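Summary of structural features
What follows is the residue order along each chain.
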Amino acid sequence: MTDSLETTTHTTDSGPGGYAAARLRLLQEESRSGAPRRTALAELTDQWLAALLTGGAETAGIARGVALVAVGGYGRGELSPRSDLDVLLLHDGSADRSALATLADHIWYPVWDMGLALDHSVRTPDEARGTAAEDLKVQLGLLDARHIAGDAALTADLRTTVLGDWRAQAPRRLPELHELCQERAERHGELQFLLEPDLKEARGGLRDATALRAIAASWLADAPREGLDDARRRLLDARDVLHLSTGRATERLALQEQDQVAGALGLLDADALLRQIYESARIISYASDVTWREVERVLRARSAARPRLRALLGGRGGRGGAGSGVDAGERSPLAEGVVEQDGEVVLARAARPDRDPVLPLRAAAAAAQAGLPLSLHAVRRLTAAARPLPVPWPPEAREQLITLLGAGESTVGVWEALEVEGLITRLLPDWERVRCRPQRNPVHRWTVDRHLVETAVRASALSRRVGRPDLLLVAALLHDIGKGWPGDHSVAGETIARDVAARIGFDRADVAVLATLVRHHLLLVETATRRDLDDPATVRSVAEAVGSATTLELLHALTEADALATGPAAWSAWRGSLVADLVKRVSAVLAGEPADDLSTPQHTTAEQERLAVEAWRTGGPVLALHARSEALPPGETGLLTDVTEGPPEEGPTGPEPIGVELLIAVPDQPGVLAMAAGVLALHRLTVRAADLRAVELPTELDAAGAVGGVLLLSWRVAAEYGSLPQAARLRNDLLRALDGSLDIVARLAEREAAYRKYPRRSGVHAPPPRVTVAPGSSQLATVIEVRAQDAPGLLHRIGRALEHAGVAVRSAHVSTLGANAVDAFYVTDDSGAPLKPMHAAEVAQQVERALTGSPGD
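Residues numbered from 1 in each chain as written. Predicted model: local features only at pLDDT ≥ 70, side-chain atom pairs only at ≥ 80, totals over all residues. Heavy atoms only, no water.

1. So, the overall build of the protein
So the rule is basically this: Only DSSP runs of H or I with at least four residues qualify as helices, and only runs of E with at least two residues qualify as strands; both kinds are numbered from the N terminus onward. Shrake-Rupley sampling with a 1.4 Å probe provides the accessible areas, and residues are treated as covered by the protein chains on show and by no other component.
The number of helices and strands found in the protein is 31 helices and 15 strands. Of the roughly 38300 Å² of accessible surface on the protein, 50% is carried by carbon and sulfur atoms.

2. A closer look at the environment of Leu522
The line we're drawing: Partly exposed describes any residue whose relative accessible area lies between the buried limit of under 20% and the exposed limit of over 50%, with all areas from a 1.4 Å probe on protein chains only and scaled to the type maximum. Contacts are assigned to residue pairs with any non-hydrogen atoms lying within 4.5 Å of each other.
Its place among the elements puts Leu522 in the loop between α20 (508–519) and α21 (523–530). For Leu522, a relative accessible area of 27% gives the class partly exposed. Sequence separation between Leu522 and Thr559 is 37 residues, and the spatial gap between their C-alpha atoms is 6.9 Å. The contact partners of Leu522, leaving out residues within four places of it in the chain, are His489, Ser490 and Asp562.

3. Considerations on the nonpolar core
As a reminder of what qualifies: Nonpolar core, defined: a set of buried Ala, Val, Leu, Ile, Met, Phe, Trp, Tyr and Cys residues in which side-chain atoms within 4.5 Å join the residues together.
Judged by nonpolar contacts, the single largest core of 91 residues is most densely connected at Leu374, Trp393, Trp415, Leu428, Trp431 and Phe506. Excluding its chain neighbours within four sequence positions, the residues that come into contact with Trp415 are Leu401, Leu404, Leu405, Ile424, Leu428, Trp431, Val453 and Leu477. If you look at the next biggest cluster of nonpolar residues, it comprises 56 residues, including Ala132, Leu143, Leu206 and Ala238.

4. Some remarks on the pattern of salt bridges
Note the following rule: A side-chain nitrogen of Lys or Arg and a carboxyl oxygen of Asp or Glu constitute a salt bridge if their distance falls within 4 Å.
Enumeration over the complete set of coordinates arrives at 48 salt bridges. In this structure, the salt-bridge partner of Arg173 is Glu176, at a minimum N-O distance of 3.2 Å. In this pair, Arg173 and Glu176 are both assigned in helix α7 (residues 152–188), three residues apart and thus about one turn of the helix distant. For Arg173, a relative accessible area of 1% corresponds to the buried category. One salt bridge in this structure joins Arg239 and Glu251, with 3.6 Å as the shortest N-O distance.

5. Focus: the packing of aromatic side chains
The condition that has to hold: Aromatic rings from Phe, Tyr and Trp, with only the six-membered ring used for Trp, were paired whenever their centres fell within 6.5 Å, and each pair was classed as stacked if the ring planes differed by under 30 degrees, edge-to-face if by over 60, and tilted otherwise. Over a ring means this: the NZ of a Lys or the CZ of an Arg is within 6 Å of the ring centre and within 35 degrees of the ring normal.
A complete count under the given rule lists four aromatic pairs for this structure. The aromatic ring of Tyr74 is capped on one face by Arg146, whose charged end is 5.3 Å from the ring centroid. A cation over a ring is seen here: Arg450 above Trp446, with NZ or CZ 4.3 Å from the ring centre.

6. Concerning helix α22 (residues 536–546)
Here is the rule we go by: Between N or O atoms, a polar contact is any pair within 3.5 Å; within protein, one atom must be a potential hydrogen donor and the other a potential acceptor, and residues adjacent in sequence are included only when both atoms are from side chains.
Along α22, the residues that are buried comprise Pro536, Ala537, Thr538, Val539, Val542, Ala543 and Val546. At the N-terminal end of α22, a side-chain oxygen is found 3.0 Å from the backbone nitrogen of Ala537, two or three residues along, and the residue is Asp535. Count one or two residues on from α22 and you reach Gly547, which has phi positive near 90 degrees.

7. Notes on the sheet that holds strand β7 (residues 344–347)
We apply this condition: Think of it this way: DSSP has to see at least two bridges between two strands before they count as a pair. To define axes, lines are fitted to C-alpha atoms, for helices over the stretch in contact only, and angles between the resulting N-to-C directions are given on a 0 to 180 degree scale.
Spatially, three strands are ordered β5-β6-β7 in an open sheet, and the strand pairing comes out antiparallel. Whereas interior strands pair on both sides, the edge strands pair on one side only; in this sheet they are β5 (331–335) and β7. Averaged over all pairs of adjacent strands, the angle between strand axes in this sheet comes to 40 degrees, irrespective of strand direction. Bridging between β5 and strand β6 (residues 338–341) involves four bridges; their strand directions are antiparallel. Residue Arg331 lies in a different strand from β6, and its bridge partner there is Gln341.

8. Things to note about the side chain of Asp237
One can find Asp237 in helix α9 (residues 228–246). Its relative accessible area of 14% is what places Asp237 among the buried residues. In this structure, Asp237 is in contact with Gly34, Ala35, Arg38 and Leu265, ignoring residues within four places of it in sequence.

9. Concerning the packing of helix α18 (residues 469–478) against helix α23 (residues 549–566)
The packing of two helices is summarised by the inter-axis angle and the distance between the axes. Selection criterion: Angles are sorted into four bins: roughly parallel if under 35 degrees, roughly antiparallel if over 145, roughly perpendicular if 65 to 115, and oblique for all others. Each crossing is labelled by how the near helix is turned from the far one, with a counterclockwise turn of less than a right angle marking it left-handed and a clockwise turn marking it right-handed. Residue type decides the class: Asp, Glu, Lys and Arg count as charged, Ala, Val, Leu, Ile, Met, Phe, Trp, Tyr, Cys and Pro as nonpolar, and the leftover types, Gly among them, as polar.
Two elements in contact, α18 and α23, have axes separated by 10 Å at closest approach and are oriented at 45 degrees. Classed by the angle they form, the pair α18 and α23 counts as oblique. Between α18 and α23 lies a crossing whose hand is right-handed. Two secondary-structure elements touch here, α18 through Leu471, Leu472, Ala475 and Ala476 and α23 through Leu554, Ala557 and Leu558. Classifying every residue of the contact of α18 with α23 gives seven nonpolar, no polar and no charged.

10. A closer look at the sheet that holds strand β3 (residues 118–123)
As summarised here, the arrangement of the four strands in space is β3-β2-β1-β4, forming an open sheet in which the pairing is mixed. Both edges of this open sheet fall to β3 and β4 (146–150), since each of them pairs with a single strand only. This sheet shows a mean twist of 25 degrees between the axes of neighbouring strands, independent of strand direction. Looking at chain direction, strand β1 (residues 66–70) and strand β2 (residues 85–91) are connected through five bridges and run antiparallel. Following the sheet pairing, Val69 is matched in β2 by Leu88. Contacts between helix α2 (residues 34–60) and the sheet are confined to β1, β2 and β4, with β4 contributing the most and set at about 35 degrees to the helix.

11. Quick word on the confidence of the model for the protein
Reading predicted coordinates in detail is not appropriate for stretches of low pLDDT. Note the threshold: Values of pLDDT, which run from 0 to 100, indicate the predictor's confidence residue by residue.
Scored by pLDDT, the protein has a mean of 84; 86% of the residues are at 70 or more. Per-element confidence in the protein is highest for α20, whose mean pLDDT is 97, and lowest for helix α27 (residues 699–703), whose mean pLDDT is 51. Counting interchain partners and residues more than four positions distant, the pLDDT-below-50 stretch residues 315–328 has twelve contacts. Low pLDDT, under 50, characterises residues 758–764; the predicted model gives this stretch five contacts beyond four residues in sequence or across chains.

Okay, here's the thing in structure tokens:
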């Protein structure tokens with residue numbers, strides 16, 4: 001190998017124009033995409049940079065001792081359309097500094113003129129090694145160093161020394177790399193669960209795939225290879241299309257880009273794209289977990305071996321010295337055919353998976369109960385050799401599944417190991433439909449399959465509350481299984497749950513209970529937050545659906561587990577108290593008490609009565625604010641403020657308040673709900689929950705001729721941003737709204753028009769609002785249910801629409817779940833009777849039309 005600069009034959013001239021044209025042609029070639037295009041783009045760029053090096057060396061008068069080296073992703077030949085060019089100008093130190101600067105400028109400036117991102121450096125081999133020793137990211141980039149042009153021997157020597165340094169320093173650098181990976185996962189989340197994932201930085205993304213290459217280069221451990229290269233390739237392909245579709249070097253797959261990227265990759269839709277990405281991320285994440293465990297095991301073994309080796313060399317090894325360096329580790333039995341070895345669960349030497357169909361579940365249950373990971377070798381051996389279970393399953397198999405589900409947090413890791421190797425879908429074929437299936441509702445944290453496992457984890461903590469914890473755990477695993485099928489997932493899930501429950505060996509009675517739990521897993525929370533619990537029809541309908549006290553007990557626990565596994569917006573002490581109240585009433589009906597006996601009028605507190613009397617006396621609204629905390633039920637926390645004062649300076653003791661309970665008493669008159677909601681919207685208060693009802697006045701006031709009664713509106717509100725407004729300001733604006741001097745509609749329309757003047761980032765495209773009549777929900781009123789995207793002024797617009805429809809709002813139950821509002825309004829006609837069916841349908845249509853128009857309509 002000569003020391004002189006190599007000359008490279010290239011297909012494009014060294015000027016930016018020639019390279020730019022050739023690059024554009026390559027990126028527009030529809031016949032070449034994916035890995036072939038990335039390789040071709042890297043080769044084309046190599047040729048261009050090589051020509052720049054040759055021309056620059058001639059200009060600078062440098063004849064030998066320099067090389068151009070690609071590092072990082074470019075070094076791997078994985079050049080996406082908008083990737084950075086990571087380039088090192090390597091020199092042996094013989095050239096003059098000014099000549100090197102001239103050479104560097106001759107290379108860097110054309111790259112910048114092209115508008116390409118460039119990560120560049122000029123170093124000797126010793127300087128490169130020194131920088132790598134101080135900066136782990138630099139060392140990782142040099143592990144992929146690839147010669148482009150110039151002195152090839154210089155590049156080869158650098159590669160050799162860098163790899164030698166990496167292997168020698170691996171015991172110190174790999175823990176540092178592991179810490180970086182964990183910190184990155186904390187910042188960017190898990191790729192396999194994100195609706196807008198970062199393909200590079202999130203856990204399970206391209207950075208982790210690169211880390212696995214670095215571990216392999218250390219010779220300490222290697223990642224499981226099956227499926228890993230394909231997973232990495234799919235993420236790179238998606239990133240390529242994302243770069244081309246956006247024209248930017250972005251790694252985040254935003255919602256608005258997903259359909260276009262899916263189409264370019266030949267996939268059906270955005271959900272198919274996300275599912276493919278999630279599957280790839282799961283493979284990389286699992287490979288990372290396995291590999292890092294192996295790294296820790298090797299480093300632990302090396303650390304333990306050093307003192308033994310020193311003792312051996314010192315002559316104190318004794319008879320067993322030669323074999324006492326690193327042993328295979330003790331094997332502790334966990335279950336039949338299952339043992340623990342070196343912090344993992346492995347198969348016993350006598351285990352015969354080809355003759356023991358229950359062994360996969362037994363091994364998984366033992367691992368989860370012990371809080372240990374299943375070894376990769378064990379899972380793969382089980383996958384390759386295990387016999388299929390007979391149908392129905394033997395009792396031991398069912399018990400082992402229940403034991404696995406009841407292990408708590410440790411269930412997740414074991415389930416993931418079985419999932420990646422395909423054992424779950426072999427045991428439960430219907431699982432394939434929900435595997436890695438995204439959930440577009442932002443309230444959900446997880447994909448459908450992971451949500452089901454997380455629900456089982458939550459249910460395991462509630463198992464002492466029920467008489468049949470086995471049914472609770474299986475129902476938790478199956479409650480959303482219908483989301484893999486078209487139509488109502490609860491209806492589809494009931495059928496699937498029957499089949500699965502029979503497959504795993506439950507008897508007919510238990511199958512019926514599980515089917516009921518899946519079919520009605522949303523019944524309690526939806527009824528408690530959207531229906532009038534004082535209406536006998538509400539409680540009676542739930543009792544008829546549930547059927548028995550045992551099923552109700554299970555459904556109560558499943559409801560809480562499901563909500564807790566969904567995300568922080570899905571459960572609160574307030575929702576929990578409403579569900580508990582409903583369960584108490586339904587239990588009484590199932591015990592034989594008539595539903596009518598349970599519909600006693602709501603108790604009016606002394607505070608509510610005081611507000612009602614004051615509202616009747618003054619003929620205007622009266623307000624009170626309570627600081628609220630989720631730790632206690634509504635009305636039992638906080639400090640009351642007078643209507644002329646602002647919020648209290650001190651909050652309640654205990655947990656931090658999460659909002660404010662606002663009570664408004666006002667003489668009954670048309671449009672109160674709309675006007676009060678409009679005033680709150682003007683003050684930028686977000687309504688999280690609301691309730692409207694009439695308050696009975698004391699007997700002496702009724703005798704004095706009180707007319708029309710008083711309405712009490714209970715709100716749970718939080719400031720959209722900033723601090724809460726003064727109570728006096730709220731009261732004054734409500735007074736003006738009631739007497740007509742404050743035009744709420746115009747004010748809200750003006751604010752919306754002001755917002756439209758400024759461009760806003762496009763986000764989730766919300767589905768249109770839906771307004772329906774809930775038949776049979778009440779004997780005393782007609783229930784109009786509204787489901788819509790939450791927005792400022794939404795409740796005001798609904799109240800106006802109901803007012804214009806000429807109906808009276810008897811009571812209202814408003815709840816906000818994440819970005820979704822689900823509100824129920826009990827309405828009557830002028831005579832106080834429920835609406836006729838056709839009239840009710842017309843009112844629902846009228847409200848829906850009002851919500852699809854602009855705020856000023």
